[in-house]
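One letter stands for each residue in the lines below.
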Amino acid sequence: MSPETAKSLETKNKLLEGALRTLTEQGIARTSARTVASAAGVNQALVFYHFGSMDELLAAACRYGAGQAVERFRPRLAGVGSLAELLAVGRQIHEEERAGGHVALLGQLLAGAQTQEALRPATAAGLDLWIAEIETVLVRVLAATPFGEFADPAGLARAVAASFVGIELYEGVDASGAHAALDALEQLGALVAALDDLGPVAQRAVRHHLRRVGRR
């Protein structure tokens, strides 16, 4: 890599990180080329040189931030061995992301995507990175349970992701209600774990019942 290319990449990363920091600390309404460049410590003109427009910078920052977060938590998700563990790890991730300001960032991106069309596919792509990781875990942990042949891991992964996104946004107005929702999800995981611990005869009965329900 040439020095010019390395410096260009460094500047782009500074702008991406500056955009994420500005969104988190000042909100999308105050996020501009000037405020992002100031946070990044670079000339404002470099925003347009490297990204063309603020919409493109914010879209790139959304993908960049999501990619970093997924990479950071991937080893932890890879160690999950049950649905109950997945929900417990999800709660830990939620707490860490909230403490780091990333929940506020997600709220700003979702709010911006309602009015700024360029942010919609980027925000969706960022969420899809999380969904893909969750689906990988679900395929693995459900395979050995009575629900493995009936569950839709792709759809369930989106449901889990949507639940956590909703809880994260809800927490801003009702923290106790959000915690109660997380508790309920963990109780659901414990219920599935209890069914998974049933003996072979009981598991066959559960599968038989699920097949009958599925044919209706």
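A.B. asks: How do you make sense of helix α8 (residues 153-171) when you look at a structure like this?
C.D. replies: Side chains that are three or four residues apart share a direction in an α-helix, a result of its 3.6 residues per turn. Helix length check: α8, at 19 residues, gives a terminal C-alpha distance of 26 Å against a target of 27 Å (1.5 Å per residue), a fit within 8%. Among the residues of α8, those classed as buried are Ala157, Val160, Ala161, Phe164, Val165, Ile167, Glu168 and Glu171. Summarising the axial view, the buried residues of α8 lie within an arc of 160°, below the 170-degree limit, and thus occupy one face.

A.B. asks: Where do I start with the nonpolar core in this structure?
C.D. replies: Core analysis: the largest hydrophobic core is formed by 26 residues, its most contacted members being Leu15, Leu16, Met54 and Leu57. For this core, the secondary-structure elements that each account for two or more residues are α1 (3-26), α2 (33-40), α3 (45-51), α4 (54-78), α6 (102-113) and α7 (119-142). No other element matches α4, which puts eight residues into this core. Not counting residues within four places of it along the chain, the set of residues in contact with Leu16 comprises Phe51, Leu57, Ala60, Ala61 and Tyr64. Ala69, Val70, Ile134 and Ala178 belong to the second-largest nonpolar core, a separate cluster that totals 24 residues.

A.B. asks: Could you clarify how one ought to interpret the pattern of salt bridges in this entry?
C.D. replies: Pairing between side chains of opposite charge can happen when their charged atoms approach one another. Tallying each qualifying case throughout the model produces nine salt bridges. Between Arg74 and Glu71 there is a salt bridge; the shortest N-O distance is 2.6 Å. Taken together, the residues span about one helical turn, with Arg74 and Glu71 both in helix α4 at a distance of three residues. Across the pair Arg74 and Glu133 runs a salt bridge whose closest N-O atoms are separated by 2.9 Å. With Arg74 in helix α4 and Glu133 in helix α7, this pair connects stretches of sequence that are 59 residues apart.

A.B. asks: I'm lost on the packing of α4 against α7 in this one. Help?
C.D. replies: Packed helices, taken two at a time, are described by the angle between their axes plus the distance between the axes. The N-to-C vectors of α4 and α7 enclose an angle of 10°; their axes lie 7 Å apart at closest approach. In terms of orientation, α4 lies roughly parallel with respect to α7. Our pair here, α4 against α7, has a crossing hand that is right-handed. Judged by residue contacts, Leu58, Ala59, Cys62, Arg63, Ala66, Gly67, Ala69, Val70, Phe73, Arg74, Leu77 and Ala78 of α4 engage Leu119, Ala122, Thr123, Ala125, Gly126, Leu129, Trp130, Glu133, Val137 and Arg140 from α7.

A.B. asks: Whenever I open this one, the side chain of Thr22 confuses me. Can you help?
C.D. replies: As for its position among the elements, Thr22 is in helix α1. Judged by relative accessible area, Thr22 falls into the buried class, the value being 2%. Excluding anything up to four places from it in sequence, Thr22 contacts Gly27, Arg30, Thr31, Thr35, Val36 and Ala39.

Here is what the cut-offs are and how they apply
- Residues numbered from 1 in each chain as written.
- Predicted model: local features only at pLDDT ≥ 70, side-chain atom pairs only at ≥ 80, totals over all residues.
- Heavy atoms only, no water.
- Helix = DSSP H or I, 4+ residues; strand = E, 2+ residues; numbered from the N terminus.
- Expected span 1.5 Å × (residues − 1).
- Buried < 20%, exposed > 50% of the residue type's maximum accessible area, 1.4 Å probe, protein only.
- Arc of directions from axis to C-beta.
- Core = buried A, V, L, I, M, F, W, Y, C linked by side-chain atoms within 4.5 Å.
- Contact = heavy atoms within 4.5 Å.
- Salt bridge = Lys/Arg side-chain N within 4 Å of Asp/Glu carboxyl O.
- Axes fitted to C-alpha atoms, helices over the stretch in contact; angles between N-to-C directions.
- Parallel < 35°, antiparallel > 145°, perpendicular 65-115°, else oblique.
- Left-handed = near helix turned anticlockwise from the far one by under 90°.

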